[in-house]
Protein chains: 2
Amino acid sequence: MTLALVNETIKKELAAVEQLFTEELATDLTCVNNLIRHVSRFRGKMLRPTLVLLAGKACGELTDAHTVLATVVEMVHMATLVHDDVLDEAELRRKGATINHLRGNEAAVLLGDYLISHSFHLCSSLDSQFASRIIGRTTNQVCEGELLQIHHRNNLDLDEETYFQIISRKTASLCATCCLLGAKFAGASEVRISQLELFGLSLGTAFQIQDDIIDLIGEASTVGKTLGTDLEKGKLTLPIIHYLRTASAQDRARLRKILENGSNERIERIRDMLLVSDSIAYARNCAKDHVHRARAALTTLPDSSAKRLLDTMAEFVADRAV
Amino acid sequence: MTLALVNETIKKELAAVEQLFTEELATDLTCVNNLIRHVSRFRGKMLRPTLVLLAGKACGELTDAHTVLATVVEMVHMATLVHDDVLDEAELRRKGATINHLRGNEAAVLLGDYLISHSFHLCSSLDSQFASRIIGRTTNQVCEGELLQIHHRNNLDLDEETYFQIISRKTASLCATCCLLGAKFAGASEVRISQLELFGLSLGTAFQIQDDIIDLIGEASTVGKTLGTDLEKGKLTLPIIHYLRTASAQDRARLRKILENGSNERIERIRDMLLVSDSIAYARNCAKDHVHRARAALTTLPDSSAKRLLDTMAEFVADRAV
């Protein structure tokens, strides 16, 4: 079962999220509306809204607040995508031209700012400050993760612990928050909220490890976005970190040399080295371990179709090719 | 009286803002703390916190919420400065090297994101959603103003109405919000809150017109930041818009030709043309007109030292050289 099929089960709820997304971003300025129409075209998988909605359903009844929260987290995610495209100089994102490539870095910076601003604005329409506080804490962490990542750019001695610090903050924290808020606004107990939060954290970690593997060894034609961007930007990910720790002295020296040299063919050479090593398998196993933790966090939840779908999503995350 | 002297009268309150600013941004990550320490060094005039505090004092008693709000608006402002530096490729800001020049555009984008995220996070610590809602609405407007501005980049037919739409959203809206929130959290009546909001809006408009004049004809050594950046980035400001509407057909054609040609000496040539025209005086009069509106909005306020300081700030705005 793919994420698209999971989404099919909450089609109506996701349609409400898409509508609120569009309504919240609409302005009286034609030039701004045109930019937003373009960015909405490649909205993508709706992973984060789906987590909010299924976590809510798994713990109780969905409310209007869930639609608001699901829209807020999608806006936060879109903002990070738009700013990531500035950072990564990626020319393709989901088979559509990126905003920065079409309109320049300046429009991309401002559009990302516009999305993050609207996410907070929309969140502040809820009755209590609870969600605003959690969303603010989470976006703080996302920024920290990204800043830590660029701090370690081209650091060939990056260790696994720091890699996990980076992905935990930049990716997993938002997935954790989606599940936490979904559960909280369905009236779940503190214990249940913590279980859902742990589910999201583990799922988000597995998701990012898999994303990093795909960036290294995926096929651009299947995935629909520029690959090899992590290497281009000097970001070391789990398979490379593992290789540089465990391969023979000779192989390690060879990989370091390739990494230090900025040539265009190096991505193919690195791919070839990794594919005959056990470093991809190691990273896959790490992702699977986090999938296991995610699924374990769900075990005491009462059975429901939403619980089963969350379980399926976790399973899917470490196997996906896109 | 300069802004520095006004600030002297609320030194203790501003010190509390600086302290909260530092506390809110502190993290467990050394690399992030180092970036923040650098950005805090050129914090500048504290115009926006001063507006929050004086608007509050002019309407009643200051509370802890005023310190929070004053810190929030300074963070929002700092975020726009950091992202503006990316946009403008400015190499100097307040006589210090800009973040993007020192660390690259990526760090500047992320640091701006970090500041905006923390501003919302801090704002959500207040008891009610009121301030979060207003801050979110304002940052939406700031982004709209900036997006409208880059949409009209290199548009030599930009009219005055659109220029005022741009500066009203990108600059004046935040000054209006500072005064609105300062008054609201001091328990002011709705009428009084509206008067203070209008004061801030008018003052912010005058401030931006003057800023644009300085960018055209100021001296970099006095002002301490790169000048001529508006022209470099194809941003038409009030003196230029006026000149292109009112000068003789021959002079207009000459200015258009200079604007269309990207040479480095054009800023001097444009300056020379403007200085012998009445377009600088026209823009100065526009700024003074907004100063007049700002001061008029204060007239029914009961006399207080805070009211007199707000009045002085308005007077100062259109005369400052920095």
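See above for the structure.
Everything quoted here is computed from the prediction, not taken from an experiment.

1. Description of the overall build of chain A
In step 1: Within chain A, the secondary structure is distributed over 17 helices and 2 strands.
In step 2: The C-alpha atoms of chain A give 20 Å as radius of gyration, which agrees with the globular expectation for 322 residues (20 Å, within 12%).
In step 3: Expressed along its principal axes, the backbone C-alpha trace of chain A runs to roughly 60 × 50 × 30 Å.
In step 4: By residue count, 62% of the 322 residues in chain A fall in the buried class.
In step 5: Expressed as a percentage of contacts within chain A between residues at least 6 apart in sequence, the contacts between residues at least 24 apart total 75%.

2. Thoughts on the interface of chain A and chain B
In step 1: Listed by partner, the interface residues are 47 residues for chain A and 47 residues for chain B.
In step 2: Roughly 4,000 Å² is buried in total at the junction of chain A and chain B, and carbon and sulfur atoms are behind 64% of that figure.
In step 3: Linking chain A with chain B are 6 salt bridges, by the criterion used here.
In step 4: The closest approach of N and O atoms between A:Asp28 and B:Arg169, which form a salt bridge, is 2.8 Å.
In step 5: Secondary-structure elements contributing two or more residues to the side of chain A that touches chain B are α3 (30-41), α5 (64-88), α7 (105-123), α8 (130-151) and α9 (160-184) of chain A.
In step 6: For the side of chain A that touches chain B, the element with the highest residue contribution is α7(A), accounting for 14 residues.

3. Points about the side chain of B:Asn7
In step 1: On the secondary structure map, B:Asn7 appears in helix α1 (residues 3-8).
In step 2: Residues within four places of B:Asn7 in sequence aside, it is in contact with B:Leu14, B:Lys45, B:Met46 and B:Thr50.

4. Quick word on the pattern of salt bridges
In step 1: For the coordinates displayed, the defined rule picks out 23 salt bridges over all chains.
In step 2: Among the ionic pairs, B:Lys233 bridges to A:Glu106, the shortest N-O distance being 2.7 Å. With B:Lys233 in the loop between α12 (229-232) and α13 (238-246) and A:Glu106 in helix α7, the pair connects residues from two separate chains.
In step 3: The partner of B:Lys11 in a salt bridge is B:Glu8, and the shortest N-O contact between them spans 3.5 Å.
In step 4: Taking the relative accessible area as the measure of exposure, B:Lys11 reaches 55% and is therefore exposed.
In step 5: Here B:Glu8 falls in the partly exposed class, since its relative accessible area comes to 46%.
In step 6: Here the salt bridges share partners, and the residues they tie into one network are A:Asp28, B:Glu144 and B:Arg169.

5. So, the state of the cysteines
In step 1: Counting across every chain of the model gives 0 disulfides over all chains.
In step 2: B:Cys143 provides the cysteine sulfur closest to A:Cys31, a residue in no disulfide bond, and the two sulfurs are 13 Å apart.
In step 3: No disulfide involves A:Cys175; its sulfur sits 5.9 Å from the nearest other cysteine sulfur, which is in A:Cys178.

6. Re the packing of helix α9 (residues 160-184) of chain B against α13(B)
All names here are of chain B.
In step 1: The geometry of α9 relative to α13 is characterised by a closest axis approach of 10 Å and an angle of 175° between their N-to-C directions. The angle between α9 and α13 falls in the class roughly antiparallel. Together, Glu160, Tyr163 and Phe164 of α9 and Leu238, Ile241 and Arg245 of α13 make up the contact between the two elements.
In step 2: For the contact of α9 with α13, the residue count by class is 4 nonpolar, no polar and 2 charged.

7. Considering the relation of the copies chain A and chain B
In step 1: For the pair chain A and chain B, the relating rotation is 180°, the translation along its axis is 0.0 Å, and the fit reaches an RMSD of 0.0 Å. Here the symmetry operator amounts to a two-fold rotation axis. Looking at the rotation axis and the C-alpha trace of chain A, the residue lying nearest is A:Gln129, at 3.0 Å.
In step 2: A high fraction, 100%, of the interface residues of chain A reappear at the interface in chain B, so the copies pair face to face through one surface.

Definitions and limits used
- Residues numbered from 1 in each chain as written.
- Chains lettered and ligands numbered in written order.
- Predicted model: local features only at pLDDT ≥ 70, side-chain atom pairs only at ≥ 80, totals over all residues.
- Heavy atoms only, no water.
- Helix = DSSP H or I, 4+ residues; strand = E, 2+ residues; numbered from the N terminus.
- Rg over C-alpha atoms; globule rule 2.2 N^0.38 Å.
- Buried < 20%, exposed > 50% of the residue type's maximum accessible area, 1.4 Å probe, protein only.
- Contact = heavy atoms within 4.5 Å.
- Buried area = accessible area lost by both parts, 1.4 Å probe.
- Salt bridge = Lys/Arg side-chain N within 4 Å of Asp/Glu carboxyl O.
- Disulfide = S-S within 2.5 Å.
- Axes fitted to C-alpha atoms, helices over the stretch in contact; angles between N-to-C directions.
- Parallel < 35°, antiparallel > 145°, perpendicular 65-115°, else oblique.
- Nonpolar A, V, L, I, M, F, W, Y, C, P; charged D, E, K, R; others polar.
- Least-squares fit on C-alpha atoms with pLDDT ≥ 70 in both.

By themselves, these observations are geometric and do not establish any function.
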